[in-house]
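# Structural overview
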There are 2 protein chains.
Amino acid sequence: MATIAVLGAGIMATALTFPLTENGHKVNLVGTHLDRDIIESIQTTGIHPDLGLKVNDKVVAYQLEDAEEAFEGADVAMSGVNSFGVHWAGEHLATLVKPGMKILNVTKGMEADDDGTLHLLPDVLRSFFDEELAESVTWNAIVGPSIAGEVAVHHDTCVIFAGEDQDSLDYLADLFRTDYYHVWTSTDFRGCEIGAATKNIYAFAAGLGAGLLRKEGKQDDRYVRFNYNAAVFGQGQTELRQFMTLLGGQPQTADGLAGVGDMYVTSAGGRNVKAGTFVGEGVPFSEVRDCLMKGVTLEGVQAIRVIGGALEPLTERGLIKPEDFPLCRYLYQIIEKDAPLEMPWEKFFGGMK
Amino acid sequence: MATIAVLGAGIMATALTFPLTENGHKVNLVGTHLDRDIIESIQTTGIHPDLGLKVNDKVVAYQLEDAEEAFEGADVAMSGVNSFGVHWAGEHLATLVKPGMKILNVTKGMEADDDGTLHLLPDVLRSFFDEELAESVTWNAIVGPSIAGEVAVHHDTCVIFAGEDQDSLDYLADLFRTDYYHVWTSTDFRGCEIGAATKNIYAFAAGLGAGLLRKEGKQDDRYVRFNYNAAVFGQGQTELRQFMTLLGGQPQTADGLAGVGDMYVTSAGGRNVKAGTFVGEGVPFSEVRDCLMKGVTLEGVQAIRVIGGALEPLTERGLIKPEDFPLCRYLYQIIEKDAPLEMPWEKFFGGMK
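Residues numbered from 1 in each chain as written. Chains lettered and ligands numbered in written order. Predicted model: local features only at pLDDT ≥ 70, side-chain atom pairs only at ≥ 80, totals over all residues. Heavy atoms only, no water.

Chain A is annotated in an unreviewed UniProt entry as Glycerol-3-phosphate dehydrogenase of Trueperella pecoris. What the UniProt record of chain A gives under Sequence similarities (unreviewed entry) is the line "Belongs to the NAD-dependent glycerol-3-phosphate dehydrogenase family." (UniProt positions renumbered as here; feature names shortened; annotations may be inferred.)

Right under this line is the structure:
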């Protein structure tokens, strides 16, 4: 029996407690300062209010002030904080994590320097650790197509545990594997993280076609806009693979679960797709952000802002060509400049020719 | 102004008359013996009954007995016959096509020899031509994510015109390009045809998750089976790329429109997905074939039968490994042996490890 301490009590971190506890492991779930009501609910009723489900008895919920107790003696330290809280998580984990623990990260995203240099979040997390501690632990992450609630209700889910150390990956995979939670491992840690971060960009784009259809009043017509969505998906997948190469992942990691599969599930629905749908309907993005979806966490939009914003400096530095990543560049114009929906088809797939 | 003669008056061939006639070209649409009612309807009312739309005036509909007149002096000979009619189409085109015409094929699929050797349909079509005629024409095809009705109602559609001769491709693309019909060209003719044929395999698989959900009575639940569908899509995409390499296409053709994009749209709905849904619900495939969907054209099922059936002889010949193409092999068991739904997850993505 292992003990897994988790920082962040969001739906994904909480969903992962199901396979863990069903395998007989103990999970100490620590809420952030934003999770106080969630933790109180679990402590009093066992129910995670956002997930809408009762967690298993072997999950012990802790408020943030009790985090040290929760992490004491843990074998695995999980970070379930979303990409907006990664600095906060880094600061806290740097004090909570003890030498020798295995770190397992579910946060996805990137950060950029002013010159466009992109950093993966595990590297950002790590930057808060002192070097000796950072070296004494192993760094791992979960990637792949995984809607949290589906894991929690035992629906088949295929994921990749990625990291640099195969032994750690095998150990972690063994803790989680059940008859519905299927785990592969990969030592292309960078590639897996690149796929996980960049696929969010294209989830926003996946909503545009549905919005356009609604704007046209054709959403109940016999012929909709699958062709539109498929072309956008195809261009997104092409760019995801280009990011893989640009940022140092293995190209084949863009196939299967960590690339195309994850993009497929992320494009199937959720908040980022919904934001894209509003833009497709003709709402300027600033209005989506400030009114229609005010306060909603949009990791896809954040990915467009960070990664899309890095493309211009990367182009100026000659690392990419002006014609590379036309969809991501256009999405950046939507997010930052309220560009209207005029898909730049002619720039897709290497330029129309 | 060019004249395009089309053999086969199905929905795809007919949808393609919209961009052509809007560009000022003349289309002679010839029905097969199965299309008599369609042609009569177009001749008398202008309406294609299956498409549910009135075709443009520049489309002239011909019954099969008037095919010679329709093809006389045409610049382009299109084959719009589905994959079940490719021998019939080959026999007829071999007499209708005149030297120097450009052939443009929308039929997709493969045929297999007993030893598993797979033949692309353009090659099958060509085998009916005498060599001198075959050499005097150019062979081209349309691939990519394209639901016929969406083209007909002017919804943005991105496709690839593939062939061996760039000049022919440029000529053909120019005939079709409009502000909604976006055409790229590719001289990876083989790769494009491989993607078009193999993606149909995985459309059937795309229905299984929805069927399973219905069997469980969970189709209206908060948590459905996107994770399941995404893993199946990811494995399908991985196998599509493997087919690309195995059969002599360029690996990168599995990206974008001719591979992933086409698979995405084919998985979004249609008859093959519906057949998969029944199997997911627990109906043996033989019952789907003989009762629930009796008489319905299922090109995905046909692709599984032909390509899936070739995998065993190809394995025996040592051209592929027993662990290659686990999803396609399993789908073949469903189609030919009424195998129940037990997804072989552990074999996916190179085997669970």
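## Here's the deal with the packing of helix α10 (residues 189-206) of chain A against helix α12 (residues 226-246) of chain A
Residues and elements named next belong to chain A. It is at 9 Å that the axes of α10 and α12 come closest, and there the two elements cross at 155°. The orientation of α10 with respect to α12, classified from their angle, is roughly antiparallel. For the pair α10 and α12, the sense of crossing is right-handed. Only N229, V232, G236, E239, L240, F243 and M244 of α12 make contact with α10, whose side of the interface consists of G191, I194, G195, T198, K199, I201, Y202, A205 and A206. (Axes fitted to C-alpha atoms, helices over the stretch in contact; angles between N-to-C directions. Helix = DSSP H or I, 4+ residues; strand = E, 2+ residues; numbered from the N terminus. Parallel < 35°, antiparallel > 145°, perpendicular 65-115°, else oblique. Left-handed = near helix turned anticlockwise from the far one by under 90°. Contact = heavy atoms within 4.5 Å.)

## Examining the relation of the copies chain A and chain B
Note on the copies: chain A fits chain B at an RMSD of 0.0 Å, the axial shift is 0.0 Å, and the rotation between them is 180°. Between the two chains, the operation in question is that of a two-fold axis. (Least-squares fit on C-alpha atoms with pLDDT ≥ 70 in both.)

## Points about the pairing of strand β7 (residues 102-105) of chain A
All names here are of chain A. Burial along β7 is two-sided: K102 and L104 and I103 and N105, pointing in opposite directions, are all buried. Pairing between strand β6 (residues 76-79) and β7: 4 bridges, direction parallel. Along β7, the bridge assignment pairs V76 with K102. Following the backbone out of β6, through helix α5 (residues 86-96) and into the adjacent parallel β7, one traces a crossover that is right-handed. Taken together, the 4 bridges between β7 and strand β10 (residues 138-143) define a ladder with parallel strand orientation. From the neighbouring strand, L104 faces β10, where its bridge partner is N140. (Buried < 20%, exposed > 50% of the residue type's maximum accessible area, 1.4 Å probe, protein only. Pairing = 2+ DSSP bridges. Right-handed = clockwise from strand over helix to strand, strands pointing away.)

## Quick word on the UniProt feature "binding site: substrate" (unreviewed entry) in chain A
All names here are of chain A. Per the UniProt annotation, the sites labelled "binding site: substrate" (unreviewed entry) are K108, R271 and N272. Tracing the chain through its elements places K108 in the loop between β7 and β8 (110-112). Judged by its relative accessible area of 11%, K108 falls in the buried class. Residues contacting K108, with those up to four places away along its chain left out, are S83, L121, I142, V143, E193, A196 and E299. A polar side-chain atom of K108 sits 2.7 Å from the main-chain carbonyl oxygen of V106. Here R271 shows up in helix α14 (residues 271-281). Excluding its chain neighbours within four sequence positions, the residues that come into contact with R271 are M293, V296, T297 and L298. (Polar contact = N/O pair within 3.5 Å; in protein donor to acceptor, adjacent residues only side chain to side chain.)

## Some points on unusual backbone geometry
Phi is positive for F349(A), which is not a glycine, with a value near 55°. Along the chain, the position of F349(A) falls in the segment after α17 (326-337). We classify F349(A) as buried; its relative accessible area is 17%. Positive phi, close to 55°, is recorded for F325(B), a residue that is not glycine.

## Digging into the sheet that holds strand β6 (residues 76-79) of chain B
All names here are of chain B. Spatial strand order, β5-β2-β1-β6-β7-β10-β11-β12: 8 strands in an open sheet with mixed pairing. Unpaired on one side and paired on the other, β5 (59-62) and β12 (181-186) mark the two borders of the sheet. When strand polarity is set aside, the average angle formed by the axes of neighbouring strands in this sheet is 25°. Where strand β1 (residues 3-7) lies against strand β2 (residues 26-30), 5 bridges are found, and the strand directions are parallel. Opposite V6, over in β2, you have L29 as the bridge partner. Lying over the sheet, helix α3 (residues 36-45) contacts β2 and β5, oriented at roughly 135° with respect to β5. Here helix α9 (residues 166-176) sits on the sheet and contacts β1, β6, β7 (102-105), β10 (138-143), β11 (157-163) and β12; the angle it forms with β12, its principal contact strand, is near 175°.

## A short note on the pattern of salt bridges
It is possible for side chains of opposite charge to pair when their charged atoms get near one another. A full pass over the atoms with the stated rule returns 28 salt bridges over all chains. Linking D123(A) and R190(A) is a salt bridge whose minimum nitrogen-to-oxygen distance equals 3.6 Å. Of the two residues, D123(A) is situated in helix α6 (residues 121-126) and R190(A) in helix α10; the sequence distance between them amounts to 67 residues. A relative accessible area of 33% places R190(A) in the partly exposed class. For R241(A), the salt bridge goes to D255(B), with nearest N and O atoms at 2.9 Å. Taken together, the positions of R241(A) in helix α12 and D255(B) in the loop between α12 (226-246) and α13 (260-267) put the pair across two chains. Judged on exposure class, the residue R241(A) and its partner D255(B) are both buried. Through salt bridges that share partners, R241(A), D255(A), R241(B) and D255(B) make up one connected network. (Salt bridge = Lys/Arg side-chain N within 4 Å of Asp/Glu carboxyl O.)

## Re a negative patch on the surface
A grouping of E164(A), D165(A), D167(A), D170(A) and D174(A) is seen on the molecular surface, where their side chains present a negatively charged patch. Judged by its relative accessible area of 61%, D167(A) falls in the exposed class. (Patch = residues over 30% accessible without salt bridge, like charges linked within 9 Å, V, L, I, M, F, W, Y side chains within 5 Å. Areas by Shrake-Rupley, 256 points an atom, 1.4 Å probe, with all protein chains shown as cover. Lys, Arg positive; Asp, Glu negative; His and termini not counted. Charge placed at Lys NZ, Arg CZ, Asp CG, Glu CD.)

## Here's the deal with α3(B)
Residue and element names in this part refer to chain B. Turning to α3, its buried residues number three or more, namely I38, I39, S41 and I42. Projected down its long axis, α3 carries its buried residues within an arc of 160°, all on one side. Away from its buried face, by an angle of more than 90 degrees, α3 presents the exposed residues D37 and T44. Looking at the packing, one finds that the buried side of α3 touches β2, β3 (47-48) and β5. G46 sits one or two residues past α3 and shows a positive phi near 85°. (Arc of directions from axis to C-beta.)

## Digging into the interface of chain A and chain B
At the junction of the two partners, chain A supplies 53 residues and chain B supplies 53 residues. Summed over both sides, the interface of chain A with chain B buries roughly 4,400 Å², with 61% coming from carbon and sulfur. Counting the contacts that link chain A with chain B gives 4 salt bridges. Here D156(A) makes a salt bridge to R225(B), at a shortest N to O gap of 3.5 Å. Here chain A is connected to chain B by 32 residue pairs in polar contact (both at pLDDT 80 or more). Elements supplying a minimum of two residues to the side of chain A that touches chain B: α8 (148-152), β11 (157-163), β12 (181-186), α12 and α13 (260-267) of chain A. Considering each element in turn, the side of chain A that touches chain B owes the most residues, 11 residues, to α12(A). In terms of residue class, the side of chain A that touches chain B is built from 26 nonpolar, 16 polar and 11 charged. (Buried area = accessible area lost by both parts, 1.4 Å probe. Nonpolar A, V, L, I, M, F, W, Y, C, P; charged D, E, K, R; others polar.)

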